[in-house]
Amino acid sequence: MVAAPHPEWGEVPAVVTTLKPSLAEIRAAVANALGKPARPNHLVTVSVMPTTASGKPDRKRLARLVAGRTQERRRRGIFG
């Protein structure tokens, strides 16, 4: 999970994955494991997960990717 910008809350949780789950499935799983407040608001699917030189997920690149996608969706009126 990474933070996604939100006009009212500042930031909200977002999941980036190479899989094709539904946001509802992920929200339910996270709510069961961590509680309702931790449920992600956004799901971003990528073909390849960006990684650092050590092979770990590149959280900075993921955060920029999520920010760009959520801003584009907002401009298009897809969600708040």
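Keep in mind that what you see is a predicted model, and the values were worked out from it rather than measured.

**Some details on the pairing of strand E2 (residues 10–17)**
Part 1: With five bridges joining them, strand E1 (residues 2–6) and E2 adopt antiparallel strand pairing. The residue bridging Ala3 from the neighbouring strand is Pro13, located in E2.
Part 2: Count of turn residues in the E1/E2 antiparallel hairpin: three residues.
Part 3: Pairing between E2 and strand E3 (residues 42–45): four bridges, direction parallel. Residue pairing for E3: Val15 is matched across the bridge by Leu43.

**Details of the confidence of the model for the protein**
Fine structural detail should not be taken from predicted coordinates in areas where pLDDT scores are low.
Part 1: Mean pLDDT for the protein: 88, with 91% of residues reaching 70 or above.
Part 2: Confidence, read as mean pLDDT per element, is least for helix H2 (residues 59–75) in the protein (84) and greatest for helix H1 (residues 23–34) (95).

**Some points on the pairing of E3**
Looking down a regular strand, the side chains alternate between one sheet face and the other.
Part 1: Of the two faces of E3, the one holding His42 and Val44 is buried and the one holding Leu43 and Thr45 is not buried anywhere.
Part 2: Once the chain exits E2 it traverses H1 before rejoining the sheet at E3, and the crossover so formed is right-handed.

Conventions adopted
- Residues numbered from 1 in each chain as written.
- Predicted model: local features only at pLDDT ≥ 70, side-chain atom pairs only at ≥ 80, totals over all residues.
- Heavy atoms only, no water.
- Pairing = 2+ DSSP bridges.
- Helix = DSSP H or I, 4+ residues; strand = E, 2+ residues; numbered from the N terminus.
- pLDDT = per-residue confidence, 0-100.
- Buried < 20%, exposed > 50% of the residue type's maximum accessible area, 1.4 Å probe, protein only.
- Right-handed = clockwise from strand over helix to strand, strands pointing away.

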